Amino acid sequence: MPVGIFRVCLVVITAIINHPLLFPKENGTVPENTEEIIQKMKEREESLRLEQLRLEREIADQEARQKTLEKPAEVAEESKEEKVRWDIWTALSMVVFLLIELWRQDFQEANWQDTGGEEDDMAVLGKAFKGVAFPDKAVLASFYEKRILGTTGDMARMREMVEGFADDLLEALRSVCNRDADMEVEDCMGVGSMYENWRVRKPFVCDLIVPFAPPEPYCFRSQTWCSGDPFPPDEQGYGTIKVCRADEDATGCICDKTKLGEDMLCLLHSQANTTRPSSEMEDLLCFKNTQYLDANQVMKWFQIAVTKAWNRISHKYEFDLSFSLLDSPGALKIKFKSGKSIAFNLTPVVQYENSDVYFISHFPRSSLAEDLPSSTRWFLSFAVYERRFIQLVSKTLPVNACHVSCLQILSFLHGKQCSLTGPSGLTNYHLKTVMLHLLQARPSQDWAPEKLEARLQDMLKFLEKCLHEKKLYHFFIGNGKVPAELGFPIIFQGAEPLNLFRSFVLHREVYRKTVDTFHEMLRNTSALINEYTVHIPLAHANGIRKESL
């Protein structure tokens, strides 16, 4: 553009200099052909004027094009500046958010599953309790005495009968198995609510676990998610089991290095092998082409062995034995000729090293929970330590302490509510975990029998808090406060806390259903307890009606 302006100025100056009026007539001599010269000057002036117009048009066009080019550039520059400003604010916001989240998680881990125990802590919770008529001490005491306490004798008789029959059945199982080639079955152990004396809902089901080991010279070598091996986040709490020879490196099998003999069969290979020197173990127990013990094959072997054992001793009993549930291979049912029946679970397990932690082949789950992982993933059960912890703490509590009563009432209410509105993501194991946390957090005198109402409300409020945060940590895993008397493995104490409510984060529908069921249970608490309470004093009944109104 400056070049164009210079050209216009040059033309104007040239025209002025060549204009005839600049030469006065008195100062010059006019030639004879004056008219011809004037005519040429006019033509020259006209041509210069046209040239000036052309240049002005070019300058105008250049300016228009320049503005057209500059406008998108300015818009792009402005948008770029706005984008840069937006990116800076977004980045700052994300940094602040991450800092807050990291601080919150650090605070929560520092106060690992902090139950507090103070009334001030509980006061900020319990929003769902507003407007709920909670039964008083007399109603709860009457309900517990009439509805729950009477079942204790029935559980004791059933446990005695089931344990005696299971011992006889396992002894017969050992006799039908080949001691040199088959799995070695140990004595069974009772675990769960029936053996912790808080089972309330019928039918009563005894849970028995049966440890087993491979025949010599084989052994099991286990790996867990917290031993440094790679496990996906959704498989925390699981482990794998390798079948190896006792003198073999865990990374390989020696069957291809050493001649085993005609009468020996390698447990590590599937039925696809063309050479099988023996048919004593038709159902091999490892996953195809791997060293990992397969839970499904273990259960098939166990079912076949139990069937053979029952055929050997069935003549001694006046009842029938059958497998009751297809999706739970260890579920057995005793059927009497009178029509009555007794159900119990007999589940094979593998001991973790020299502890009382066991790999369990099939773990009972909520019907709303996610699918089970691979059959080579075994769930770790801490049921034996849970039973011991309850027994250990009970020795320090007042006589007739209310901790078991609270768990029984809560289990009863949840079970009744689920029968009305359908299953939820909560299980009895979650409820027991809540009780274990509160047992560790509260002083012994807080569990006196007269404080049943307060402790039951504490359990409900703590459960509400866990549901709100979608966090309920496993009691033993990552808990550095486990009593040393239990002899609990250090590897699990030092592990990251295991969130039992992790599935609620991934499955929102299950979470919403669980929360709705819990809130509905709170609203129905008084009605459910009154319905199953016999001979409630009239004064207490009237008091509850007034509160509900």
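All figures in this text were calculated on a predicted structure; none of them were measured in a lab. (Residues numbered from 1 in each chain as written. Predicted model: local features only at pLDDT ≥ 70, side-chain atom pairs only at ≥ 80, totals over all residues. Heavy atoms only, no water.)

### Topic: the overall build of the protein
Alright, step 1. The number of helices and strands found in the protein is 14 helices and 10 strands.
Alright, step 2. In the protein, which comprises 549 residues, the share counted as buried stands at 43%.
Alright, step 3. Sequence separation of 24 or more characterises 69% of the internal contacts of the protein that already satisfy a separation of 6 or more.
Alright, step 4. Roughly 31,200 Å² of accessible area belongs to the protein as shown, and the carbon and sulfur atoms make up 54% of that amount. (Helix = DSSP H or I, 4+ residues; strand = E, 2+ residues; numbered from the N terminus. Buried < 20%, exposed > 50% of the residue type's maximum accessible area, 1.4 Å probe, protein only. Contact = heavy atoms within 4.5 Å. Areas by Shrake-Rupley, 256 points an atom, 1.4 Å probe, with all protein chains shown as cover.)

### A short note on the nonpolar core
Alright, step 1. Formed by 111 residues in total, the largest nonpolar core has its most connected members in Leu169, Leu293 and Phe344.
Alright, step 2. When residues no more than four places from it in sequence are discounted, the contact partners of Phe344 are Val162, Phe165, Val205, Cys206, Leu208, Leu321, Gly330, Ala331, Leu332 and Ile334.
Alright, step 3. In terms of nonpolar packing, the next biggest core, distinct from the first, is built from 9 residues, Val191, Tyr238, Val349 and Val384 among them. (Core = buried A, V, L, I, M, F, W, Y, C linked by side-chain atoms within 4.5 Å.)

### Considerations on the packing of helix H8 (residues 403–421) against helix H10 (residues 452–469)
Alright, step 1. Contact pair H8 / H10: the axes reach a minimum separation of 9 Å and the direction vectors enclose 55°. Compared by their axis directions, H8 and H10 come out oblique. The element H8 and its partner H10 pack so that their crossing is right-handed. For the pair H8 and H10, contact is made by Ser405, Cys406, Leu407, Ile409 and Leu410 and by Leu452, Arg455, Leu456, Met459 and Leu460, respectively.
Alright, step 2. Here the contact of H8 with H10 is composed, by residue class, of 8 nonpolar, 1 polar and 1 charged. (Axes fitted to C-alpha atoms, helices over the stretch in contact; angles between N-to-C directions. Parallel < 35°, antiparallel > 145°, perpendicular 65-115°, else oblique. Left-handed = near helix turned anticlockwise from the far one by under 90°. Nonpolar A, V, L, I, M, F, W, Y, C, P; charged D, E, K, R; others polar.)

### Some details on the pairing of strand E8 (residues 341–351)
Alright, step 1. Where burial is concerned, most of E8 is hidden: 9 out of the 11 residues are buried.
Alright, step 2. Strand direction decides the pairing type here: strand E3 (residues 205–213) and E8, joined by 7 bridges, are parallel. If you follow Leu208 over to E8, its bridge partner there is Leu346.
Alright, step 3. Bridge analysis of strand E7 (residues 331–336) against E8 gives 5 bridges, and the strand direction is antiparallel. (Pairing = 2+ DSSP bridges.)

### Considerations on unusual backbone geometry
Alright, step 1. Following Lys202, the chain continues to Pro203 via a peptide bond in cis, the omega torsion being 5°.
Alright, step 2. Within the fold, Pro203 resides in the loop between strand E2 (189–191) and E3.
Alright, step 3. With a phi angle near 65°, Asn197 is a residue other than glycine that sits in the positive phi range.
Alright, step 4. On the secondary structure map, Asn197 appears in the loop between E2 and E3.
Alright, step 5. In this model, Glu353 sits at a positive phi of 50°, which is unusual for a non-glycine residue.

### Overview of the pattern of salt bridges
Alright, step 1. By the definition in use, this model includes 14 salt bridges.
Alright, step 2. In this structure, Arg174 engages Glu171 in a salt bridge whose closest nitrogen and oxygen atoms are separated by 3.1 Å. With a gap of 3 residues between them, Arg174 and Glu171 both fall in helix H5 (residues 151–176), about one helical turn apart.
Alright, step 3. For Arg174, a relative accessible area of 15% corresponds to the buried category.
Alright, step 4. We classify Glu171 as partly exposed; its relative accessible area is 45%.
Alright, step 5. Its salt-bridge partner being Asp458, residue Arg455 comes within 2.9 Å of it at the nearest N-O pair. Of this pair, Arg455 and Asp458 both sit in helix H10, 3 residues apart, which is roughly one turn of that helix.
Alright, step 6. By relative accessible area, Arg455 is classed as buried at 4%.
Alright, step 7. Each member of the salt-bridge network shares a partner with another, and the members are Arg442, Asp446, Lys451, Arg455 and Asp458. (Salt bridge = Lys/Arg side-chain N within 4 Å of Asp/Glu carboxyl O.)

### A short note on the packing of aromatic side chains
Each pair of aromatic rings is reported with the distance of its centres and the angle of its planes.
Alright, step 1. Under the definition given, this model contains 28 aromatic pairs.
Alright, step 2. Summarising the aromatic geometry, the rings of Tyr317 and Phe319 are spaced 5.0 Å apart at their centres and angled 40° between planes, so their arrangement reads as tilted.
Alright, step 3. For Phe319, a relative accessible area of 10% gives the class buried.
Alright, step 4. Between Phe382 and Phe488, the aromatic rings sit 5.7 Å apart at their centres with planes inclined by 45°, giving tilted as the arrangement. With Phe382 in the loop between strand E10 (378–381) and helix H7 (383–394) and Phe488 in the loop between H10 and helix H11 (490–493), the pair connects residues that are 106 residues apart, well separated along the chain. (Phe/Tyr/Trp six-rings, centres within 6.5 Å; stacked < 30°, edge-to-face > 60°.)

### Observations concerning the environment of Asn296
Alright, step 1. Counting through the fold element by element, Asn296 comes out in helix H6 (residues 295–313).
Alright, step 2. C-alpha separation for the pair Asn296 and Cys286, spaced 10 residues apart in sequence, amounts to 9.3 Å.
Alright, step 3. When residues no more than four places from it in sequence are discounted, the contact partners of Asn296 are His362 and Ser375.

### Section: H8
Alright, step 1. Along its 19 residues, H8 runs 27 Å from first to last C-alpha, staying within 8% of the 27 Å computed at 1.5 Å per residue.
Alright, step 2. Within H8, 16 of the 19 residues are buried, which leaves the element mostly enclosed by the surrounding structure.
Alright, step 3. One or two steps after H8, the chain reaches Gly422, where phi turns positive at roughly 95°. (Expected span 1.5 Å × (residues − 1).)

### Some words on the pairing of E3
Every regular strand shows the same layout, with side chains that alternate between the two sheet faces.
Alright, step 1. Taking burial as the measure, the 9 residues of E3 include 7 buried ones, the bulk of the element.
Alright, step 2. One ladder, built from 2 bridges, connects strand E1 (residues 184–185) with E3; its direction is antiparallel. Directly across from Glu184, in E3, lies its bridge partner Ala213.
Alright, step 3. As paired strands, E2 and E3 are joined by 3 bridges and run antiparallel to one another. Bridge pairing in E3 places Met189 opposite Ile209.

### Brief notes about helix H4 (residues 137–148)
Alright, step 1. The end-to-end C-alpha separation of H4 is 15 Å, in line with the 16 Å expected for 12 residues at 1.5 Å each.
Alright, step 2. Within H4, the full set of buried residues consists of Val139, Leu140, Ser142, Phe143, Tyr144 and Ile148.

### Things to note about the side chain of Asp446
Alright, step 1. With respect to the helices, strands and loops of the structure, Asp446 is situated in the loop between helix H9 (428–441) and H10.
Alright, step 2. In this structure Asp446 comes out as buried when scored by relative accessible area, which is 12%.
Alright, step 3. Aside from chain neighbours lying at most four places away, what touches Asp446 is Lys451 and Arg455.

### A short note on the packing of H10 against helix H13 (residues 508–531)
Alright, step 1. As a packed pair, H10 and H13 sit with axes 11 Å apart at the nearest point and diverge in direction by 160°. Judged by the inter-axis angle, H10 sits roughly antiparallel to H13. Classified by chirality, the crossing of H13 by H10 is left-handed. Taken together, the residues of H13 that come into contact with H10 (itself represented by Leu460, Leu463, Glu464, Leu467 and His468) are Tyr511, Thr514, Phe518, Met521 and Leu522.
Alright, step 2. Looking at side-chain class alone, the contact of H10 with H13 contains 7 nonpolar, 2 polar and 1 charged residues.

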